[in-house]
Amino acid sequence: MTKILDVNGLVTRFYSVDGVVHALNEVQFDLEPGETLGVVGESGSGKSVTMMSLLGLIPKPPGRVEGGTAVFNDGSDTFDLLKLSEKELQEVRGGKVGFIFQDPISSLNPTMTIGKQIAESMMTHLQLGESEARKRTINLLQQVGIADAERRYDSYPHEFSGGMRQRVMIAIAVACEPAIVIADEPTTALDVTVQAQIIELTQRLQKQMGMAVVWITHDLGVVAGMADRVLVMYGGTVVESALVDDLYENPQHPYTIGLLGAIPKMEGEDERLVSIEGSPPDLLQPLTYCPFASRCPFVFQRCWKERPLLIPIGKNHDTACFYDVERGAPRDHV
Amino acid sequence: MQRYLLSRLVQSFLLLLGVLIVVFFMIRLTGDPVSLMVPKEAPAEVREAFREANGFNRPLYAQFFEYLLNAFQLDLGHSLKFRQSNLSIIMERLPSTVYLATISLFLAIVIAVPIGIIGGFNPGSAADTVGRAFGLFGQTIPGFVFALYLILIFAVRLGWLPSFGRDFWYSVILPATALSIGGIGQFVRLTRSAVLEIRNEDYIRTARSKGLSKMAIGARHVARNAALALISVVTVQYSYMLGGSIYIESIFAWPGLGNLLQGAIVDRDFPLIQALAIVFSFFVVTLNLLTDVIYAVIDPRIRYGS
Amino acid sequence: MSNEQPIVRVENLKKYFPISGGFLFNRHHGAVKAVDDVSFTINRGETLGLVGESGCGKSTTGRAVLQLHKPTAGHVYFKDIDLTTLNTAQLRELRPQVQMIFQDSVASLNPRHSVNKIIGEPLRINNAGSEREVHSRVIELMELVGLNPRWSKRFPHEFSGGQRQRINIARALALNPSFVVCDEPISALDVSIQAQVVNLLKELQEQLGLTYLFIAHDLSMVRHISHKVAVMYLGKVMELTDRTTLFERPLHPYSQSLISAVPLPNPKLERKRRRIILQGEVPSPLKAPSGCVFHTRCPLAYDRCRTEVPEYREVRPGQFVACHLADRDGSSIIPAQIA
Amino acid sequence: MLRKSIVVIFLLAAGLLLIACQPQTVEVTRVVTETVTETVTEEVAVEVTRVVTETDTEQVEVTRVVEVDAPAKAEGELVVAITTFPNAITPPNAAERQAGNVTAQIFSGLVWIEDDNSISPALAESWELSDDGKEYTLHLRQGVTFHNGETFDAQDVVTTWEAGKDPKNAYAYVYEEADSVTVVDDYTVKITTPEPDPLFLRSLAAWGVYPTDYYNEVGFEGFEAHPISTGPFKFVEWVKGDKIVLEAFEDYWEEGLPKVARLVFRPIPESATRLAAVQTGEIHIATRFVKEEADQVFGNSDVRVISYANDRSYYIAFNNLSSGIGQPTEDVRVRQAMNYAVDRQAIVDALFDGQATLSSGFVSPFNMGFDPAIEPYPYDPDKARELLAEAGYPDGFQIGFACPIGAYPNFEQVCEALSGYLADVGITLDGGEIQFMESGQYWDLEANKELPPMFGDAWSVTNGEALDRLQGALLAEASYAAWEDADLRALIEEAGSTIDPDARAAVYGEIHQYMYDNPPFIYLYYPNVFEVVNSAVQNYKPRAAEDYYLKEVFLANSK
Amino acid sequence: MAGTTTPPAVGMEEYVEPTWGSKLAYVWRLLWRDKGGLLGMILFLLMVITAVFAPIIAPHDPLEQNLRDSKLPPAWYEGGNWDYPLGTDRLGKDIFSRIVYGTRVSLTVAVFGVLIAGGLGLLAGLVAGFMGGKVDGAIMAGVNLWLAIPYLVFVVVIASILGRSLFNVILIFGITDSPIFARVTRGEVLRIRQSGYVESAISVGASTSRIMFDHILPNLIGPLITLATFEMSAMIFYEAGLSSWAERAAHWCQLGQHGRSLPSILAKLPWMVIYPGLAIAIASLAMNLLGDWLRDVLDPRLRRSRA
């Protein structure tokens, strides 16, 4: 199967007051059509920046995408996202790639009716007239589970609850039936019961429309249930990538191991949580050694001298670490 | 929303009442009105007659209550100089001032807002630089100096436009330009910063993620929200233009309220100054109220809000 | 815990926020019943977890217990002293013993104060010794919570989120309190950091014999740290019991759905699990539903729930529930719902 | 950002370039210029501008030769700028000179004051004065009609008097100078005054007549809104704050007048705007400029400058009624010394480009009885020091000094300059500085005699006699007087009751001399005023009191 | 765990207490980044230096008149001389010296005007924001009332009652400008009161005065300094217009003193207006630029924390 998205060596930097923030350091991943890719990592690890960089959504200045390729191939078209002009990118955004953002309160324009905010996308990409767009928007609103869609078309965001707003966001993202939907922590701001609703809705729409979904989250629980594959990011780089079962059963990167250990179990007696001591890396320094070195329990001298690259260690399982956790010794052939 | 507006209405009314009281006593603090108003050459008995005729011999509280009572009946007293009801004098001049202020405001908005929007969308660009400089220029050049140069250039040197008065439709061009320059400066800066701020809002990111063009984002998402940020400033500026255009009206011999006030101050026509102060305050209060109404109309969060 | 002696006793606590406004004169249009008739006890050295979705009143409960919000009604006994009857001065005297850790570690630290000043503030307020003594206590506290004492002159923005929360904890512990309300202390933190803070809180509890009221919306964390758990919904406690019982045999349909909604970090289990997905969202506390407040979303609701407020009572020893169904047959509804 | 700032400065500089293009002109024209307008022949008016440069070479430049061809009938529109917004345009109410000038075109008075200050008949063709000097019998002109067609007769004079002394009027007291006005027959009226009043007949010039029927019909307010009299122009409309429009009255009693069909007054308070508007041709006559402004139109053939002395005497008053009691200024030598200490000419040169007449007393060169032999005090600081030493103040003294702000042109600077000269002879100021005050507050204090022992002021008269000014400033009971001198009082009272003009002139001469020797003031100057008029304007003659009559003015056709 | 030698972790470096030097260096970095702020700061410092050392800088007494040298053009024009670098006015006073001393006056007016306005506003805003309820309502009603009354009424009234003096100009600015400070202060107080650190201070038993002086006031400084800068710019601007007002003191421009003849002066003696006018424009520009910069630097919402 051809990959719908193949990203290699993506580098993004932010030129801030305090210096250059090395936000992305040669990020590498791919996406198959129709699959769900979970992207996990803590804040600042570069999960959102990666996706925003691909579609030219990072604020410029101070941001700058400085390297890499991101080949998009939906069967009919093949092109490098990073080489597109702003105008070409506009066609991709919303048309071929939909976005769902974290905070549905601030992510919707407070002074525009939600109907218009959805229809706008259709009118731009599908060249629909206003009435046609309205019809399809109402239809879409019903699909995302908003009752009384006809009337709600003319409502403003503040009249909606958080969960409803997130449904609207989803409607905006899928309005033009994109090939990829990128969901950037879409449930973080929501309550558990609502989170469950949103997850279910996304999965249903994904099946219906056959989209690939990139689900960015810091919650390993959320992706466990829905992702096909999981990408773990740390310090602006991908540290591990594996099929979901493989990752949870057989994590290879010390960071992934730590992350899994940090989540309390929902059954049985509680043991002490595994905590990853220390703080996330300072991205003001260029990444010349392993970003996790300062917090890694397995760290050894090489980790401070060299940056580990993503290497395949099993079927569909890559990791960026010099240490073989299973063997309890440094990898020798890397 | 009606409740909200009603309550704002009542508040405005109370505010006006406060203005009436404060203005009365402040004006009275300035001294014996009689010696200010009677010509220097007039003999003493004339002064006393005048005092009596105008009721200045009564106790202050009696004068105050009469003034208040009259004010409620829209009687703002009589001008000493013009010997007419202040309100009728003011009403004669009001249309000119409103006309000038409105054109100026329109001019300021039409010129400044696009400059601000362009600057806000392209911070650091050449257009932004020029726009900001223009804004600073507007805020640093005194309006009346600017006005004099407008006359020198466009009336005297080039002979394109009349130098004073309100005789032709194009008479308004020079005074309106002079009056709007300060507002332009302010609007450029505010629009720019509003746009800059809105550009960083999450919903603009959402709009971009939909693949909208810059134009569409600017027109549909930024403009309305930036307008919200500008409304209160625009109304403040408008009330300034209505009330603070003394220099400009005077320079252009524009038959408006500012000119009237200038004359009233020169002539020490305190009843008229008092009435004008009240009318200007009325503008301010009304415009504040109007701001609230506009907000209520265009900001859906207030329109349906709690 | 063996020590079954209640240190905190909350009885019928209510906190209503009046809605007022209007022109000319403030008129009361009603009240938001943020906390409506909540009762619980916490034993010495124990942790009571308080969970619920946003807007359920759990934070208000925490603040009302500490009298940071004056309760509308009810009593809060701390070591048999009724806090609700104390005046400001008396309360101030008692403050050292009851402390709070706040949610937002960024906002709860004054950006213009150094760490030394922040952690030392409670000591200074309560005149706990000379400046030198205060400083040495600050150093001690920083070490206790795992902060490098040499950073005491730094300012909050120079710390990471986890470190800031440690500063918060150190401040709360400065006066050797016996009871600490932790208001969502970890929800703003990254997963790996959450574990650090929770571990720290647990260690401190063991070390210092602290009693916690632990407020959170993350059920797995609450399960991890708590001895007893209370589930709140729209200002009322729906269910209160020890944590094992709650997570294994919840009686209230709300508890059940809440637990079932927690995503498990285990793909196989997660795929197998059947969720109870509640419809809709928490209604506005302004317009709380009649009868059982949960009836609008309850998959099992019937007529009685719409009209009659279910009594909050001990259905089984140590398990308090407010549900009509539990009244009929507490145990029978569980297996049907949870896979 | 630096780039931005540079642009800002550039823009500012660009704005200033407009200003900066002026200095060259300035330097070139930094000459003492004197503009004189004279009519050379009856046929042709030649405007001659004589430029006297610093090197004293004389240049005569004929700027424009205009056909003088007075039109047979009234034609054209004359636009005149006035500097304030008139409060009213009826004689008893028109509060100041500018409003009075509008009024003067609509109304005619009973007598007419000629340019040389002599009195000639107007609506009263002749008159007799009773022996006791209190009763005037006026014989009125026949066949005069009002603008509305009413015929003018004796009853109208009574109406005028009655309407004029209505206390609602600002100048009611002018009419109250008459005790009674009675009709003798249709064209004869008798007017009595309580005391013999040498100036009374003059004030009848200001009694613009009211039409009885019309006034009774419309009343006070109605008349204010639409005045009707027998003047050369009739009222058309008054757009408040914008313009007053008059048009020629065809049945005006003086044959062949007026000569313009329409007369429009435009209030333009800002002098720069007036100057601009007269240059653009939007207005024909603009008044009240200072020398520097008039210089701006130098060389512009579309307009010409008219300058003339204004009978407004500027002075620094001393006080011996209240605050000045016990001060050194009570000594006449000190007051003389202070008059010697000031270099008037330098002040006038610096601040008025020399365009002012120096003052030697309160009787001005434009007044009856002025003695040209009395020269202004020369600048002689040594003499001043000598006199001070003689008076017992060899090291000078300290004294309070106040000046009004915004009342008179350049007066603040004049006061400053003056204080500098006083300091040179050792006279310093209380508090180290002049007490400057807003004019309203200033008059207030002046009327209450609460100003410091030394204060600046000015006093103008409009009737060619110094009497009003003398009475107002030097009789203790007058509102604004600060000085009392028994001898001087006797002289002033004598002037006030001497009816015979020649005898009165002699008294004025005595007063002039007395006040020179025994100065109650530091005398300053009479400033020239400047007007700029369109070259087409003919026959325009303003007077020293800044009043003018436009009935004979016409607009030349040639352009 | 593999026991290894680990260099000090990133972000864990020894904390060095900032010295004055390092603080200044930081400010310098912030200035260097925003060249407008830099320009504003340089101009502002120049103004301060000029004001402080006016007697040393100015070649003449600003009040010294010399009628013989009146109306001289600037030195580089024909007829000018370097005794009077920027020429003289009609009384022969040195324009340059007057600008130098005028800087003093303008700065005095701006600084004290802002101090009065800020003081009054701060007090009112603090009380309103902190007490809330009826007190707040009453104070804010007063503030709105104050704002609704035209500024000229204050000018006319204060001029009439107190006469004209530098002090009264300051007083007018102080009084008319204070509502702005009151509003901003109140808004900030309300915001800070809601903040977590105030709540946590209450929870450790902090007294009201401690909260006020230790928590609220220090956090008000940033926004108020920024506001003060902008208001000072406005005051310098308006002081020039009102300077007719404060007589005697050597003012920039003295527009009012020239009164109606200003335009003719512009035409005939332009240096009397251009250079003082330029001084005002530059001062106003400096304060505006400085204000923009301070807003960026002091506004905690815009400040970047070290990650």
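Bear in mind that the values here come from a model prediction, so they are computed numbers and not experimental data. (Residues numbered from 1 in each chain as written. Chains lettered and ligands numbered in written order. Predicted model: local features only at pLDDT ≥ 70, side-chain atom pairs only at ≥ 80, totals over all residues. Heavy atoms only, no water.)

## Points about unusual backbone geometry
So the rule is basically this: Note on conventions: DSSP H or I runs of at least 4 residues are helices, E runs of at least 2 residues are strands, and numbering of each starts at the N terminus.
Residue Pro258 of chain D follows Leu257 of chain D across a cis peptide bond; omega there is -10 degrees. Structurally, the position occupied by Pro258 of chain D is in the loop between strand 12 (243-248) and strand 13 (262-267). The phi dihedral of Leu74 of chain B is positive, around 60 degrees, even though this residue is not glycine. Along the chain, Leu74 of chain B turns up in the loop between helix 4 (60-72) and helix 5 (86-121). One non-glycine residue, Arg288 of chain D, lies in the positive phi region at around 60 degrees.

## Topic: the state of the cysteines
In a disulfide, the sulfur atoms of two cysteines are held together by a covalent bond. As a reminder, the rule being used: Any two cysteine sulfur atoms within 2.5 Å of one another count as a disulfide. When a residue's accessible area, from a 1.4 Å probe over protein chains only, is under 20% of the maximum for its type it is buried; when over 50% it is exposed; and in between it is partly exposed.
One pass over the full model with this rule turns up 1 disulfide over all chains. There is a disulfide in this structure between Cys403 of chain D and Cys415 of chain D, and the S-S distance comes to 2.0 Å. Between Cys403 of chain D and Cys415 of chain D, the S-S torsion sits near -75 degrees, and that sign places the bridge as left-handed. Placement of Cys403 of chain D in strand 19 (residues 401-405) and of Cys415 of chain D in helix 13 (residues 411-424) is noted, with a sequence separation of 12 residues between them. We note that Cys403 of chain D, like Cys415 of chain D, is buried. With no disulfide of its own, Cys323 of chain C lies closest to Cys298 of chain C among cysteine sulfurs, the gap being 6.2 Å. Among the residues examined, Cys323 of chain C registers a relative accessible area of 7% and is labelled buried.

## Considering the sheet that holds strand 1 (residues 5-16) of chain A
Residue and element names in this part refer to chain A. The condition is simple: Only strands joined by at least two bridges in the DSSP assignment are considered to pair. The angle between two axes is taken between their N-to-C directions and runs from 0 to 180 degrees, where each axis is a line fitted to C-alpha atoms and a helix contributes only its stretch in contact.
With antiparallel pairing, the 4 strands of this open sheet are ordered in space as 2-1-4-5. Here the strands that pair on one side only, and so sit at the sheet edges, are strand 2 (19-31) and strand 5 (78-80). Within this sheet the neighbouring strands show an average axis-to-axis angle of 10 degrees, counted without direction. In this sheet, strand 5 lies alongside strand 4 (residues 63-73) in antiparallel orientation, the contact comprising 3 bridges. Bridged to Asn73 within strand 5 is Thr78.

## With respect to the domain arrangement of chain B
Accessible area lost when the parts come together is the quantity often used to give the size of an interface. Quick reminder of the rule: Segmentation of the chain into domains, including their bounds, is taken from an automatic or database domain assignment.
In terms of domain boundaries, chain B breaks down into domain 1 (2-72) and domain 2 (92-266). Of note, the centres of domain 1 of chain B and domain 2 of chain B, computed from C-alpha atoms alone, are 35 Å apart.

## Details of the interface of chain A and chain C
For clarity, the cut-off: Residue contacts follow a heavy-atom distance rule, with two residues in contact if any of their heavy atoms lie within 4.5 Å. Buried area: the accessible area, evaluated with a 1.4 Å probe, that two parts lose upon being put together, summed over both parts. Note on definitions: salt bridges are taken to be side-chain nitrogens of Lys or Arg within 4 Å of carboxyl oxygens of Asp or Glu. Any N or O atom pair separated by 3.5 Å or less is treated as a polar contact, with the protein-specific requirement of one donor-capable and one acceptor-capable atom, and with residues adjacent in sequence counted only for side-chain atom pairs.
Counting residues at the interface gives 45 residues for chain A, matched by 42 residues for chain C. Counting each side, the surface lost to burial between chain A and chain C is near 3700 Å², with a carbon and sulfur contribution of 55%. In this structure, the connection of chain A to chain C is made through 1 salt bridge. Scanning the region where chain A abuts chain C turns up 6 residue pairs in polar contact (both at pLDDT 80 or more).

## Looking at the confidence of the model for chain C
Residues and elements named next belong to chain C. Our working rule: Confidence scores per residue from the predictor, reported as pLDDT, run from 0 to 100.
Residues of chain C with pLDDT of at least 70 account for 91%, and the chain-wide mean is 83. Scored below 50 in pLDDT, residues 22-26 shows 8 contacts in the model against residues more than four places distant or in partner chains. Across residues 334-339, where pLDDT falls below 50, the model places 10 contacts with residues more than four positions away in sequence or in other chains.

## Some points on the pattern of salt bridges
A full pass over the atoms with the stated rule returns 55 salt bridges over all chains. Across the salt bridge formed by Arg134 of chain A and Asp154 of chain A, the nearest N and O atoms sit 3.5 Å from each other. Of this pair, Arg134 of chain A sits in helix 4 (residues 130-143) while Asp154 of chain A sits in the loop between helix 5 (149-152) and helix 6 (162-174), placing them 20 residues apart in sequence. The exposure class assigned to Asp154 of chain A is partly exposed, which follows from its relative accessible area of 41%. Measuring nitrogen to oxygen at the nearest pair gives 2.6 Å for the salt bridge that ties Arg192 of chain B to Asp128 of chain B. Of the two residues, Arg192 of chain B sits in helix 8 (residues 173-199) while Asp128 of chain B sits in helix 6 (residues 126-140), which places them 64 residues apart along the sequence. Here Asp128 of chain B falls in the buried class, since its relative accessible area comes to 1%. Among the ionic contacts, a cluster of salt bridges with common partners joins Lys3, Asp30, Glu35 and Arg229 of chain A.

## Quick word on the sheet that holds strand 10 (residues 188-192) of chain D
Residue and element names in this part refer to chain D. The antiparallel open sheet is built from 4 strands, whose spatial order is 7-8-10-9. This sheet does not close on itself; its edge strands, each paired only once, are strand 7 (124-129) and strand 9 (180-185). Between one strand axis and the next, the sheet turns through 25 degrees on average, direction left out of account. Bridging between strand 9 and strand 10 involves 5 bridges; their strand directions are antiparallel. Considered in strand 10, the bridge of Asp185 is made with Thr188. Against the sheet, helix 4 (residues 154-164) engages strand 8 (135-140), strand 9 and strand 10, with an angle of about 170 degrees to strand 9.

## A closer look at helix 10 (residues 332-341) of chain D
Summarising burial for helix 10 of chain D: 8 of the 10 residues are buried, a large majority. Three or more residues of helix 10 of chain D are buried, namely Val334, Arg335, Gln336, Ala337, Met338, Asn339, Tyr340 and Ala341 of chain D.

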